[in-house]
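These are the residues of each chain, in order.
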Amino acid sequence: MASSTDSSTATDDEVRELYERYQAAESDAERREIALEMGKLDGRRHAEIYAALENE
């Protein structure tokens, strides 16, 4: 069973990777696609937080 710390670390790594890709993007279209990915990741993080709160 994965702990919330493992999940957080994986998510932090994913955020870092997306941020680095965003900084290296060469076009507005590429930055927009990466920003959309960031939004999806943020939505998943919020869902995980709300689920954890409901289980307390």
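This report concerns the structure included in the present document. Every chain's residues receive numbers from 1 upward, in the order its sequence appears when written. Owing to the predicted nature of the model, reporting of local features is limited to residues with pLDDT of at least 70; listing and counting of side-chain atom pairs is limited to 80 or more, with chain, interface and lining totals taken over all residues. Each side-chain value is derived from all of the structure's non-hydrogen atoms; neither hydrogens nor water enter the calculation.

Take a side-chain nitrogen of Lys or Arg and a carboxyl oxygen of Asp or Glu: if they are within 4 Å of each other, that pair is a salt bridge. By the definition in use, this model includes 5 salt bridges. The closest approach of N and O atoms between Glu37 and Arg21, which form a salt bridge, is 3.1 Å. Taken together, the positions of Glu37 in helix H2 (residues 28–54) and Arg21 in helix H1 (residues 4–24) put the pair 16 residues apart, joining distant regions of the chain. Classification of Glu37 as partly exposed rests on a relative accessible area of 33%. Judged by relative accessible area, which is 34%, Arg21 ranks as partly exposed. In this structure, the salt-bridge partner of Asp28 is Arg31, at a minimum N-O distance of 2.8 Å. Here Arg31 and Asp28 lie together in helix H2, a separation of 3 residues that amounts to about one turn. Type-normalised accessible area, obtained with a 1.4 Å probe on protein chains alone, sets the label of each residue: buried when under 20%, exposed when over 50%, and partly exposed for intermediate values. Using a relative accessible area of 23% as the deciding quantity, one classes Arg31 as partly exposed. For helices the rule is a DSSP run of H or I covering at least 4 residues; for strands it is a run of E covering at least 2, with both sets numbered from the N terminus onward.

The next subject is the environment of Ala35. Looking at where Ala35 falls in the secondary structure, it is placed in helix H2. For the pair Ala35 and Leu18, spaced 17 residues apart in the sequence, the C-alpha separation amounts to 8.3 Å.

Note that Thr11 resides in helix H1. Accessibility expressed as a relative area gives 9% for Thr11, which makes it buried. Not counting chain neighbours up to four residues away, the residues in contact with Thr11 comprise Leu41 and Arg45. By definition in these notes, contact holds between two residues if any of their heavy atoms fall within 4.5 Å.

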